Amino acid sequence: GNSVTQMEGPVTLSEEAFLTINCTYTATGYPSLFWYVQYPGEGLQLLLKATKADDKGSNKGFEATYRKETTSFHLEKGSVQVSDSAVYFCALSDRVQAGTALIFGKGTTLSVSS
Amino acid sequence: GAVVSQHPSRVICKSGTSVKIECRSLDFQATTMFWYRQFPKQSLMLMATSNEGSKATYEQGVEKDKFLINHASLTLSTLTVTSAHPEDSSFYICSASNSGLEQFFGPGTRLTVL
């Protein structure tokens, strides 16, 4: 079945450090891929997405490229800030249409210190 | 972005009692709502998918008679945990989807069964 594997945390970085959170997936067909972020005390928010191979999603300085050949969707940011401290979830949807549930990774906690 | 609320945010109940959790889309009509369950340091696991006015579709292994889902309107879905037991203690998260691909998540409800 479909699944998502992301690196275990916590990830602890200093401000302005480079961030990579690895995410790989297993899926039949051509899934859509997502990164969600959950700030303390809040619900999950969509950070970025990509719906086909070689697409790059980007938002708030974060980027992730849909790599079909390596079945990966790694999250990167060149210079993290304290406000980026949160839990990050990689997810996939196996159909590009509304009403499709998401399959999530376990989440990676990022802690950024000044 | 669209806002989804959940109520209550936390609930503690005695074993054998029933607990109702509400999920509301505040500023859009949700044709589909999803209920997820999250154990500590684990993925969000889909429990069921509900469409307004029809019966929910439950994932394998989820007891439909124990986790009653009602999606009576385009802005409200409820999850009732019937005859709750300590093993039902968990973090329950709903999400709502309109006609687009994106899902909007509620902040979650922490259920503790004593």
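Residues numbered from 1 in each chain as written. Chains lettered and ligands numbered in written order. Predicted model: local features only at pLDDT ≥ 70, side-chain atom pairs only at ≥ 80, totals over all residues. Heavy atoms only, no water.

### Structural notes on the overall build of chain B
Defined as follows: Only runs of H or I of at least four residues qualify as helices and only runs of E of at least two qualify as strands under DSSP, and these elements are numbered from the N terminus. The size measure is the radius of gyration over C-alpha atoms, and the globule rule it meets is 2.2 Å times the number of residues to the 0.38 power. A 1.4 Å probe rolled over the protein chains alone gives each residue an accessible area, and that area as a share of the maximum for its type sets the label: buried under 20%, exposed over 50%, partly exposed in between. Only heavy atoms enter the contact rule, under which two residues are in contact if any of them lie within 4.5 Å.
Tallying secondary structure elements over chain B gives 0 helices and 11 strands in all. When its helices and strands are written in sequence order, chain B yields β-β-β-β-β-β-β-β-β-β-β. What you see for chain B is a C-alpha radius of gyration of 13 Å, in line with the 13 Å of a compact globule of 114 residues. Expressed as a percentage of its 114 residues, the buried residues of chain B come to 48%. Excluding contacts between residues fewer than 6 apart, the proportion of contacts in chain B whose partners are at least 24 apart in sequence is 54%.

### Description of the overall build of chain A
Selection rule: Only the protein chains shown count as cover for residues, and the accessible areas themselves come from Shrake-Rupley with a 1.4 Å probe. Charge counting follows a simple rule: Lys and Arg are positive, Asp and Glu are negative, and His as well as the terminal groups are ignored. By convention, the charge on Lys lies at NZ, on Arg at CZ, on Asp at CG and on Glu at CD.
A count of helices and strands for chain A gives 0 helices and 12 strands. Start at the N end of chain A and walk to the C end: the helices and strands fall as β-β-β-β-β-β-β-β-β-β-β-β. Compactness check: chain A gives a C-alpha radius of gyration of 14 Å against a globular reference of 13 Å for 114 residues, within 12% of the reference. Put simply, of all contacts in chain A between residues at least 6 apart along the chain, 56% involve residues at least 24 apart. Only carbon and sulfur atoms are counted for the fraction: they give 47% of the accessible area of chain A, which is about 5,400 Å². Positive and negative charge centroids in chain A, built from 9 and 11 side chains respectively, lie 8 Å apart.

### Here's the deal with the state of the cysteines
Here a disulfide denotes a covalent bond joining the sulfur atom of one cysteine to the sulfur atom of another. All names here are of chain A. Put simply, the test is: The definition used for a disulfide is geometric: two cysteine sulfur atoms within 2.5 Å.
Under the defined criterion, the tally for this structure stands at 2 disulfides over all chains. Across the disulfide, cysteine 23 is cross-linked to cysteine 90 (sulfur-sulfur distance 1.9 Å). The sign of the -70° torsion about the S-S bond sets the cysteine 23-cysteine 90 disulfide as left-handed. In this pair, cysteine 23 sits in strand β4 (residues 23-26) while cysteine 90 sits in strand β10 (residues 86-93), placing the two residues 67 residues apart along the sequence.

### So, the nonpolar core
Threshold: The set of buried Ala, Val, Leu, Ile, Met, Phe, Trp, Tyr and Cys residues whose side-chain atoms join them within 4.5 Å is what this entry labels a nonpolar core.
Grouped together as the largest cluster of nonpolar side chains are 26 residues, with contacts concentrated most on Leu19(A), Trp35(A), Leu47(A), Leu48(A), Phe73(A), Leu75(A) and Tyr88(A). The set of elements that each furnish at least two residues to this core consists of β2 (11-14), β3 (19-21), β4, β5 (32-38), β6 (44-50), β8 (62-65), β10 and β12 (108-113) of chain A. When neighbours within four sequence positions are excluded, Tyr88(A) is seen to be in contact with Gln6(A), Ile21(A), Trp35(A), Tyr36(A), Val37(A), Leu47(A), Phe62(A), Leu75(A), Gly107(A), Thr108(A) and Leu110(A). Residues Val11(B), Ile21(B), Ala30(B) and Ala96(B) belong to the second largest nonpolar core, which totals 24 residues.

### What to know about the packing of aromatic side chains
Selection rule: Stacked, tilted and edge-to-face are the three classes assigned to paired rings of Phe, Tyr and Trp, where Trp is represented by its six-membered ring and a pair needs centres within 6.5 Å; plane angles under 30 degrees give stacked, over 60 edge-to-face, the rest tilted.
Evaluation of the coordinates by the stated rule reveals 12 aromatic pairs over all chains. For the ring pair Phe34(A) and Tyr36(A), a centre distance of 6.1 Å and an interplane angle of 35° mean the geometry is tilted. In this pair, the class of Phe34(A) matches that of Tyr36(A), namely buried. Ring geometry for Phe104(A) and Tyr36(B): centres 5.5 Å apart, planes at 85°, overall edge-to-face. Note that Phe104(A) is positioned in strand β11 (residues 103-104) and Tyr36(B) in strand β4 (residues 32-38), a pairing that runs across two chains.

### Considering the interface of chain A and chain B
This is how it is decided: Summed over both partners, buried area is the accessible surface (1.4 Å probe) that two parts give up on being assembled. We define a salt bridge as a contact between a side-chain nitrogen of Lys or Arg and a carboxyl oxygen of Asp or Glu at a distance within 4 Å. Asp, Glu, Lys and Arg are counted as charged, while Ala, Val, Leu, Ile, Met, Phe, Trp, Tyr, Cys and Pro are counted as nonpolar; the rest, among them Gly, fall into the polar class.
Contacts between the two partners involve 22 residues from chain A and, on the opposite side, 22 residues from chain B. When residues of chain A are sorted by the area they lose upon contact with chain B, Leu44(A), Phe104(A) and Lys106(A) head the list and together hold 30% of the total. Where chain A touches chain B, the interface holds 0 salt bridges. Elements supplying a minimum of two residues to the side of chain A that touches chain B: β5 and β6 of chain A. Element by element, the count of residues in the side of chain A that touches chain B is highest for β5(A), at 4 residues. Looking at the side of chain A that touches chain B residue by residue, the class counts come to 10 nonpolar, 8 polar and 4 charged.

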